[in-house]
Amino acid sequence: MSAPSKGLPVGTWVIDPAHSTLQFSVRHLMVSKVRGRFTDFSGTLVVHPDGTADADVQMNVASVTTDNAQRDGHLATADFFDSANHPIATFKATGFKALSTEFSVTGDFSIRGNTHPVTLDVEFLGTGPGMADAPVAGFSATATINRRDFGLTTEMPMADGGAVIGDKINLSLDVEVGLQS
């Protein structure tokens, strides 16, 4: 896979969860959006000397929060994430396509044992010295997925038509990584 940026030094970069956000939004009642995020996640970006790269991310689906305890509890059940049987969602990059400071990352996204390719539109925000004198880098990424592709098929029809929950899920990621080696 091509490297995400010629300016990103070779090595293993690890997600800093204290300075990163993995969030989503979905239509609610056909008129608004509910936003949520995962609070327990990890991942690495490995830039190889030959200019290729690998990336992978793991999310503990039970860490989902929408700032509503009842809804969060429902999301953990078999109606949605089924966190008891499928506790981890993953993304493993299969390709990078550079477009200046922006690029796309295609990868296999797995939720509930269902894996589908997803392409993230990524903006490389640059590198800096970091707080501990170790280099850091930042990225913002977006993608849209269909929840049904990943086994999130719970139907909640509304009496007057439409659905309580939309099918389209918008993903928004803001990630800071630190160089480990």
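These numbers were taken from a predicted model, which means no experiment stands behind them.

A. Looking closely at the overall build of the protein. Helix and strand content of the protein: one helix and 11 strands. Going from N to C terminus, the protein has its helices and strands arranged as β-β-β-β-β-β-α-β-β-β-β-β. Here the C-alpha atoms of the protein give a radius of gyration of 17 Å, agreeing with the 16 Å that 2.2 N^0.38 yields for 181 residues. By principal-axis analysis of the C-alpha atoms, the protein measures approximately 55 × 30 × 30 Å. Taking all contacts inside the protein whose residues are at least 6 apart in sequence as the whole, residues at least 24 apart take part in 57%. Total accessible area on the protein is roughly 9,500 Å²; 54% of this is exposed by carbon and sulfur atoms.

B. Quick look at a nonpolar patch on the surface. The grouping of Leu29, Met30 and Val31 at the surface amounts to a nonpolar patch, some 290 Å² of accessible area in total. Relative to the elements of secondary structure, leucine 29 occurs in the loop between strand E2 (21-28) and strand E3 (32-38).

C. Structural context of the pattern of salt bridges. Taken as a whole, this structure holds three salt bridges when the rule is applied. Where arginine 37 meets aspartate 67, a salt bridge forms, and the shortest distance between an N and an O atom there is 3.7 Å. Taken together, the residues arginine 37 in strand E3 and aspartate 67 in the loop between strand E6 (64-65) and helix H1 (69-76) connect sequence positions 30 residues apart. Residue arginine 37 is classed as partly exposed on the basis of its relative accessible area of 31%. The class of aspartate 67 is exposed, set by a relative accessible area of 63%.

D. Quick look at the side chain of serine 83. Summarising the element assignment, serine 83 is placed in the loop between H1 and strand E7 (88-99). Discounting chain neighbours no more than four positions away, the residues touching serine 83 are Val61, Ala62 and Ala76.

E. Main features of the packing of aromatic side chains. Here the structure, examined in full by the defined rule, presents six aromatic pairs. Note on phenylalanine 24 and phenylalanine 38: the rings are 5.9 Å apart at their centroids and 45 degrees apart in plane angle, and the pair reads as tilted. Here phenylalanine 38 lies in strand E3 and phenylalanine 24 lies in strand E2, a separation of 14 residues in the sequence. Using a relative accessible area of 13% as the deciding quantity, one classes phenylalanine 24 as buried. Note on phenylalanine 38 and phenylalanine 81: the rings are 5.8 Å apart at their centroids and 65 degrees apart in plane angle, and the pair reads as edge-to-face. Of this pair, phenylalanine 38 sits in strand E3 while phenylalanine 81 sits in the loop between H1 and E7, and the two are 43 residues apart along the sequence. Residue phenylalanine 81 is classed as buried on the basis of its relative accessible area, which comes to 9%.

F. Looking closely at the nonpolar core. Counting 47 residues, the largest nonpolar core has Leu45, Phe109 and Phe139 as the members making the most contacts within it. For this core, the leading source of residues is strand E11 (residues 165-179), giving seven residues.

G. Summary view of unusual backbone geometry. Even without being a glycine, aspartate 67 presents a positive backbone phi close to 65 degrees. Despite not being glycine, aspartate 82 shows a phi value in the positive range, around 50 degrees. Looking at the secondary structure, you find aspartate 82 in the loop between H1 and E7. By relative accessible area, which is 11% here, aspartate 82 ends up buried.

H. View of the pairing of strand E4 (residues 41-47). Burial of the side chains of E4 is restricted to one face: Phe41, Gly43, Leu45 and Val47 are buried, whereas none of Ser42, Thr44 and Val46 on the reverse face is. As defined by bridge partners, strand E1 (residues 11-15) adjoins E4 across four bridges and the pair is classed as antiparallel. Paired with valine 14 across the bridge in E4 is threonine 44. Examined bridge by bridge, E4 and strand E5 (residues 53-60) share seven bridges and lie antiparallel to one another. When the bridges of E5 are listed, phenylalanine 41 appears paired with methionine 59.

Thresholds applied
- Residues numbered from 1 in each chain as written.
- Predicted model: local features only at pLDDT ≥ 70, side-chain atom pairs only at ≥ 80, totals over all residues.
- Heavy atoms only, no water.
- Helix = DSSP H or I, 4+ residues; strand = E, 2+ residues; numbered from the N terminus.
- Rg over C-alpha atoms; globule rule 2.2 N^0.38 Å.
- Contact = heavy atoms within 4.5 Å.
- Areas by Shrake-Rupley, 256 points an atom, 1.4 Å probe, with all protein chains shown as cover.
- Patch = residues over 30% accessible without salt bridge, like charges linked within 9 Å, V, L, I, M, F, W, Y side chains within 5 Å.
- Salt bridge = Lys/Arg side-chain N within 4 Å of Asp/Glu carboxyl O.
- Buried < 20%, exposed > 50% of the residue type's maximum accessible area, 1.4 Å probe, protein only.
- Phe/Tyr/Trp six-rings, centres within 6.5 Å; stacked < 30°, edge-to-face > 60°.
- Core = buried A, V, L, I, M, F, W, Y, C linked by side-chain atoms within 4.5 Å.
- Pairing = 2+ DSSP bridges.

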